[in-house]
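The residues making up each chain are set out below.
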Amino acid sequence: MEIHSRHYGRKNARALTADDKNLYATLYSALQFVGTATDFPSVTDSSALGVEHVSTGIQKKQLDPGSAPSGLVRETSSNQSFGDVLEIGFGMGDFLVHQALLHPHLQFIGVEPFKTGLISLLKKIKQHKIQNIHIYQGVVHDILGKLPLLSAIYILYPDPWPKKRHHKRRLIQKEFLLQLLAHLKPGGGIFIASDHADYQQWIEATLKDTFGSVCGSDEPFENWIPTKYEKKAKLEGRLSRYYYISRYRFL
Ligand SMILES: C[S@@+](CC[C@H](N)C(=O)[O-])C[C@H]1O[C@@H](n2cnc3c(N)ncnc32)[C@H](O)[C@@H]1O
């Protein structure tokens, strides 16, 4: 299936105030992620990447993107910094801010087309004087070829697109996951969460199709704070599932 690069959801929800516009004009342009064109190999098969599902039971030691999981990393030497973290669809930005404050030594990239969410993140960055978040306003597909090697990628509560005719709009697709994996450092991982039962089945089927197996958990990852959508799901009685995929060696 072709990876779509259109954004189908909202881009603006409310009119921006003069302060919002000013913040956007000054801070967003200062923090905007531009990236450098990279030449990662195109991948059609996960076996070429050396990927492995890791049971959520051992995630506790794997979730700090600042420390590579010892048993899985082979090529990373101890003095090499374990790089950047990407959040795709950061919504209002709470999780990104939480992680950036927890890991001030890492550089974070947040991607979100929704302008109201972007303004919300900019306000939090200003409030906490955060210096390690870079932002791209748009769809992640536009910057896939410009990303650095990453140690963690978060996709939290992606839009479920419940109608069957809209399933092709779902972010979690085999080709997309393989593209993301090509950008992962050894030992790095992709973290996915969803509260939507049908999308959970879709994610599990896609992970199985892509990697041959699937590991999910009802327990959130370590250092977790619930996102806006996770809180909403809990209030409305929907159970979340959490998935983790690790890349453990270079090509
Ligand atoms: C259901 S919301 C979840 C937001 C947030 N992660 C949370 O848990 O509260 C999904 C978000 O993904 C964003 N999104 C959708 N397609 C995207 C894409 N292709 N690239 C980046 N973000 C995307 C939407 O604008 C929306 O803010």
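As a reminder, the structure under discussion sits directly above these lines.
Let us look at the structure shown here. This is a predicted model, so every value here is computed, not measured. (Residues numbered from 1 in each chain as written. Predicted model: local features only at pLDDT ≥ 70, side-chain atom pairs only at ≥ 80, totals over all residues.)

Along the protein, the regular secondary structure elements total six helices and eight strands. When the helices and strands of the protein are listed from N to C terminus, the series reads α-β-β-α-β-α-β-β-α-β-α-β-α-β. Across the 251 residues in the protein, those meeting the buried criterion constitute 38%. (Helix = DSSP H or I, 4+ residues; strand = E, 2+ residues; numbered from the N terminus. Buried ≥ 20, exposed ≤ 12 C-beta atoms within 10 Å, placed from the backbone.)

Neighbouring the ligand are 23 residues; Gly-89, Gly-91, Val-139, Tyr-157 and Thr-227 lie closest to it. Among the elements that line the shell around the ligand, the one with the most residues is helix 6 (residues 228–235), at three residues. Partitioned by chemical class, the residues of the shell around the ligand number 12 nonpolar, seven polar and four charged. (Near = placed C-beta within 6 Å. Nonpolar A, V, L, I, M, F, W, Y, C, P; charged D, E, K, R; others polar.)

Before going further, it helps to examine the nonpolar core. Ranked by size, the top nonpolar core spans 51 residues in total, and within it Leu-86, Leu-96, Ile-153, Tyr-154, Ile-155 and Ile-192 carry the most contacts. Aside from chain neighbours lying at most four places away, what touches Ile-155 is Ile-88, Gly-89, Leu-171, Ile-190 and Ile-192. (Core = buried A, V, L, I, M, F, W, Y, C linked by C-beta atoms within 7 Å. Contact = placed C-beta atoms within 7 Å.)

Before going further, it helps to examine helix 1 (residues 18–31). The α-helix advances 3.6 residues per turn, and as a result positions three or four apart in sequence lie on the same side. Helix length check: helix 1, at 14 residues, gives a terminal C-alpha distance of 20 Å against a target of 20 Å (1.5 Å per residue), a fit within 8%. Along helix 1, the sharpest change in direction is near 30° and occurs at Tyr-24. Judged by how many residues are buried, helix 1 sits mostly at the surface: zero of 14 residues are covered. (Expected span 1.5 Å × (residues − 1). Bend = angle between axes of the 7 residues up to and from the residue.)

Turning to the packing of helix 4 (residues 174–182) against helix 5 (residues 197–211), a few remarks are in order. Closest axis-to-axis distance for the helix 4/helix 5 pair is 9 Å, and the angle between their directions is 60°. Of the possible angle classes, the one that applies to helix 4 and helix 5 is oblique. Relative to helix 5, helix 4 is oriented so that their crossing is right-handed. Here Lys-174, Leu-177 and Leu-178 of helix 4 come into contact with helix 5, specifically with Thr-206, Asp-209 and Thr-210. Residues that form the contact of helix 4 with helix 5 fall into these classes: two nonpolar, two polar and two charged. (Axes fitted to C-alpha atoms, helices over the stretch in contact; angles between N-to-C directions. Parallel < 35°, antiparallel > 145°, perpendicular 65-115°, else oblique. Left-handed = near helix turned anticlockwise from the far one by under 90°.)

Time to look at unusual backbone geometry. Leaving glycine aside, a negative phi is the common case for residues, and trans is the common case for peptide bonds. Here Tyr-157, not a glycine, exhibits a phi torsion of approximately 55°, which is positive. Here Tyr-157 is to be found in the loop between strand 5 (150–156) and helix 4.

Take the environment of Gly-110 next. Looking at where Gly-110 falls in the secondary structure, it is placed in strand 3 (residues 108–111). Judged by the 29 C-beta atoms lying within 10 Å of it, Gly-110 falls in the buried class. Residues Gly-110 and Glu-87, 23 residues apart in the sequence, show an inter-C-alpha distance of 4.9 Å. The contacts of Gly-110, once residues within four sequence positions are left out, are Glu-87, Phe-90, Gly-93, Leu-96, Leu-121, Ile-133 and Ile-135.

Turning our attention to the pairing of strand 8 (residues 241–247). Among the seven residues of strand 8, six are classified as buried, and the element is accordingly described as predominantly covered. Looking at chain direction, strand 6 (residues 184–194) and strand 8 are connected through six bridges and run antiparallel. Bridge pairing in strand 8 places Phe-191 opposite Tyr-244. When strand 7 (residues 216–217) meets strand 8, the two strands line up antiparallel, connected through two bridges. Pairing of Ser-217 across the sheet is with Tyr-242, part of strand 8. (Pairing = 2+ DSSP bridges.)

Tracing the backbone shows Ile-130 in the loop between helix 3 (115–128) and strand 4 (133–136). For the pair formed by Ile-130 and Leu-101, sequence separation is 29 residues and the distance between their alpha carbons is 7.2 Å. Once you skip the residues sitting within four places of it in the chain, Ile-130 turns out to touch Val-97, Ala-100, Leu-101 and Ile-125.

Turning our attention to the environment of Asp-159. Here Asp-159 lies in the loop between strand 5 and helix 4. A residue is classified by how many C-beta atoms lie within 10 Å of it, and Asp-159, with 17 of them, is partly exposed. In this structure, the C-alpha to C-alpha distance between Asp-159 and His-196, residues 37 residues apart in sequence, is 9.1 Å.

Two measures define how a pair of helices packs: the angle their axes make with one another and the distance between the axes. Contact geometry for helix 1 and helix 3: axes closest at 10 Å, N-to-C directions at 70°. Relative to helix 3, helix 1 is oriented roughly perpendicular. From helix 1, Asp-20, Leu-23, Tyr-24, Leu-27 and Tyr-28 reach across to helix 3, where they touch Leu-118, Ile-119, Leu-122, Lys-123, Ile-125 and Lys-126. Here the contact of helix 1 with helix 3 is composed, by residue class, of eight nonpolar, no polar and three charged.

A separate point is the pairing of strand 5. Burial analysis of strand 5 places seven of its seven residues in the buried class, which makes it a mostly covered element. Judged from the five bridges that link them, strand 2 (residues 84–88) and strand 5 form a sheet pairing that is parallel. Among the inter-strand pairings, Ile-88 is bridged to a residue of strand 5, identified as Ile-155. After leaving strand 5, the chain enters helix 4 and then returns to the sheet as strand 6, a path that is right-handed. (Right-handed = clockwise from strand over helix to strand, strands pointing away.)

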